[in-house]
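Breakdown of the fold
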Amino acid sequence: MRGIFERWSVLKRRIDQLINEIFEYEAPGIQISETEISVSVKKGEIYRGSFQVESPIQKKIKGFIYSSSARVGYEPDAFYGISEKVVYEVDTAGMEEGEVLSGVFTICTDAGEYRIPYRVEIERSAIKTSTAVIGNMEDFIKLAQEDFQKAYL
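The structure displayed is predicted, hence computed values, not measured ones. (Residues numbered from 1 in each chain as written. Predicted model: local features only at pLDDT ≥ 70, side-chain atom pairs only at ≥ 80, totals over all residues. Heavy atoms only, no water.)

Taken together, the four strands give an open sheet; going across it, the order is 1-3-7-5, and neighbouring strands pair in antiparallel fashion. Each having just a single partner strand, strand 1 (31–32) and strand 5 (72–75) make up the two edges of the open sheet. Pairing analysis gives four bridges linking strand 5 to strand 7 (residues 83–91), with the strands arranged antiparallel. Residue pairing across strands places Y74 opposite Y88, the latter belonging to strand 7. (Pairing = 2+ DSSP bridges. Helix = DSSP H or I, 4+ residues; strand = E, 2+ residues; numbered from the N terminus.)

What follows covers the packing of aromatic side chains. All chains considered together, the criterion is met by seven aromatic pairs. Put simply, the rings of Y47, F51, Y74, Y88, F105 and Y118 pair up and form one aromatic cluster. (Phe/Tyr/Trp six-rings, centres within 6.5 Å; stacked < 30°, edge-to-face > 60°.)

Turning our eyes to something else, we now look at the pattern of salt bridges. Scanning the entire structure with this criterion turns up four salt bridges. Notably, a salt bridge pairs K43 with E96, separated by 3.4 Å at the nearest N-O pair. Taken as a pair, K43 in the loop between strand 2 (37–41) and strand 3 (46–54) and E96 in the loop between strand 7 and strand 8 (100–109) lie far apart in primary sequence, 53 residues in all. Accessibility expressed as a relative area gives 44% for E96, which makes it partly exposed. (Salt bridge = Lys/Arg side-chain N within 4 Å of Asp/Glu carboxyl O. Buried < 20%, exposed > 50% of the residue type's maximum accessible area, 1.4 Å probe, protein only.)

Membership of the largest hydrophobic core comes to 22 residues, with the highest contact counts inside it found for I37, F51, V53, V72, Y88, F105 and I107. Taken together, the elements giving at least two residues each to this core come down to strand 2, strand 3, strand 4 (61–67), strand 7, strand 8 and strand 9 (112–122). Looking at which element gives the most residues to this core, the answer is strand 9, with four residues. The residues touching F105, leaving out its near neighbours within four places in the chain, are I37, F51, I65, Y66, S67, V72, Y74, Y88, Y114, R115, I116 and Y118. (Core = buried A, V, L, I, M, F, W, Y, C linked by side-chain atoms within 4.5 Å. Contact = heavy atoms within 4.5 Å.)

Moving on: the side chain of S69. Its location among the elements puts S69 in the loop between strand 4 and strand 5. By relative accessible area, S69 is classed as buried at 13%. Polar side-chain contacts of S69 include one of 3.2 Å to the backbone nitrogen of R71. Those residues in contact with S69 that sit more than four places away from it in its chain are L101 and Y118. (Polar contact = N/O pair within 3.5 Å; in protein donor to acceptor, adjacent residues only side chain to side chain.)

See the structure below:
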């Protein structure tokens with residue numbers, strides 16, 4: 001008999017909260033396999049990568065994704081389920097060596113909003129000689145000071 005009264009008092013308290021517009025709800029949150037993305041890509045290449053969005057309590061979550069840069073495509077753009085793999089693609093056509101593309105994926109779900117910053121850098125090409133790799137002007141100057149003939153060739 002005592003158990004019935006305890007359950008009734010809990011139910012009565014909950015009804016009073018709802019009547020007084022006191023809503024208790026904890027968003028379960030989500031787990032994302034990447035906290036940030038940072039890659040180096042050769043000029044003109046298309047880079048593909050992925051990350052996983054998952055519910056830690058195995059409850060279905062609903063959401064959509066968008067990117068701050070038009071150069072970054074992704075699929076799917078919306079999801080509903082316990083776990084979803086998001087595949088993205090970065091198009092570097094027209095970007096120059098040393099140029100950096102920065103942006104953010106925004107994941108809006110019924111369990112909250114999350115952001116994954118990304119940074120894509122276009123690699124600088126290196127010049128190879130018989131004895132060294134020249135990656136920048138300082139390396140070239142050093143080689144020219146040491147051996148002008150190798151630098152000239």
